[in-house]
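Residue-level listing of the chains:
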Amino acid sequence: MKMNVLRVLAIALMSLAVSCAGNDEISENRTVSEMDGYTNLVFNVSGLTVTQQPTRAALSEAFTMLELVLYKVGDDGSYTKYMEVDQNSASATFGVVSLENVKYGNYRLVVLGHSDTAHPDLEDPTDVAFSGFPNAYIHSSDIVVGKNTTTIDVPMAHAVARVRFALTGHIPDEAQKLQLTFEGVSNNLNAVTGFASTSVERVVALDITDKHRSANAINISAFTFLPADELSAEVSNVSVKLSGLDALNNVIESKEYHNVPLKKGYSTVFSGVFFDYGSTGFNITVDATWDVFANVEF
């Protein structure tokens, strides 16, 4: 009888052990299943923010193209595009991007708003090439997607600096065109760091019209990505050559500026008389249009 009792106890203990092991396995599988889940996400692009003094603007007034990409980041630091959506301002849902069946995990989120003429190739976020030199805005951050992740707000910030020439004074009849030649500027963006990925030369030309002559004023602007967040007169490699051309593109007047101070979200303004011979001069300041950070005289 004692042997039978011991045998029954042994069988019961073995059954309990198997039962507990089975429950542990089910619990572990349930955890894996939860981590392998998927969710639907809505990204709300919430306008643009200037670093020091926040301003707000309607998205369609700030940019006409929108790109949103999720990347998976490899152990070697490489980026693989996981999901991508592009929009233009004609879309009824411009600024609200929905993604379905996003797998739980860690991602790099890159959102670009710009005024270029086409959507850029975003296969490599560290070198995004634009067809022109557009006004552009950016949001770039690491995000974690889980079962409770449903909406993500995306604040946009300026990605470029602006250079503007505000020229006044008499414009001679032989002057038919104004030409700006930039060195050290870029239309390629590293969307992970927010800085330029290349440095090139850019030429911008503007035909001089009767309207310019009657107003004795010419205004022209250009945008560029920067290799750093701020370029002072001591460290900037950006230079600008301003030239007045005749009908045969001969130079009739020119002026060069080196170590031009620039900053993302700010406008560096060249203002003064250019075509009045013998009295050429400019004051270079940073316009409060995008906030002031310096006043520089050359």
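Definitions and cut-offs
Residues numbered from 1 in each chain as written. Predicted model: local features only at pLDDT ≥ 70, side-chain atom pairs only at ≥ 80, totals over all residues. Heavy atoms only, no water. Helix = DSSP H or I, 4+ residues; strand = E, 2+ residues; numbered from the N terminus. Contact = heavy atoms within 4.5 Å. Areas by Shrake-Rupley, 256 points an atom, 1.4 Å probe, with all protein chains shown as cover. Pairing = 2+ DSSP bridges. Axes fitted to C-alpha atoms, helices over the stretch in contact; angles between N-to-C directions. Buried < 20%, exposed > 50% of the residue type's maximum accessible area, 1.4 Å probe, protein only. Polar contact = N/O pair within 3.5 Å; in protein donor to acceptor, adjacent residues only side chain to side chain.

(A) The arrangement of the overall build of the protein chain in detail. A count of helical and extended segments in the protein chain gives three helices and 21 strands. For the protein chain, the proportion of contacts with a sequence separation of at least 24, taken over those separated by at least 6, is 67%. On the protein chain, roughly 15,500 Å² of surface is accessible, and the fraction owed to carbon and sulfur atoms is 51%.

(B) Structural detail: the sheet that holds strand β6 (residues 128–129). What the three strands build is an open sheet, ordered β6-β11-β12; its pairing is antiparallel. Both edges of this open sheet fall to β6 and β12 (195–196), since each of them pairs with a single strand only. Pairing between strand β11 (residues 188–190) and β12: two bridges, direction antiparallel. Of the residues in β12, the one forming a bridge with Asn 190 is Phe 195.

(C) Molecular detail of the sheet that holds strand β13 (residues 200–207). Pairing is antiparallel across the open sheet formed by four strands, whose spatial order is β13-β10-β16-β17. One side of each edge strand has no neighbouring strand; the edge strands of this open sheet are β13 and β17 (251–257). Averaged over neighbouring strand pairs, the angle between their axes works out to 15 degrees when direction is ignored. Relative to β13, strand β10 (residues 177–185) is paired through eight bridges, and the arrangement is antiparallel. From the neighbouring strand, Val 185 faces β13, where its bridge partner is Val 200.

(D) A look at the pairing of strand β16 (residues 239–245). Of all seven residues in β16, six are buried, a share of seventy percent or more. Bridging between β16 and β17 involves six bridges; their strand directions are antiparallel. Residue Ser 243 lies in a different strand from β17, and its bridge partner there is Ser 254.

(E) Local environment of the pairing of strand β2 (residues 65–73). With seven of nine residues buried, β2 lies mostly within the body of the structure. Summarising the sheet, β2 and strand β3 (residues 79–88) pair through nine bridges and their orientation is antiparallel. Residue pairing in the sheet places Glu 67 in a bridge with Asp 86 of β3. Two successive antiparallel strands, β2 and β3, enclose a turn made up of five residues, where Gly 77 displays a positive phi of approximately 85 degrees. Of the strand pairs in this sheet, β2 and strand β5 (residues 105–114) are connected by seven bridges, and their pairing is antiparallel. Following the sheet pairing, Leu 66 is matched in β5 by Gly 113.

(F) Spatial organisation of the side chain of Asp 246. Counting through the fold element by element, Asp 246 comes out in the loop between β16 and β17. A polar contact is formed between the side chain of Asp 246 and the backbone nitrogen of Asn 250, at a distance of 2.8 Å. Every residue in contact with Asp 246, bar those within four places of it in the chain, is listed here: Glu 174, Gln 176 and Ile 252.

Just geometry here; none of it tells us what the structure is for.
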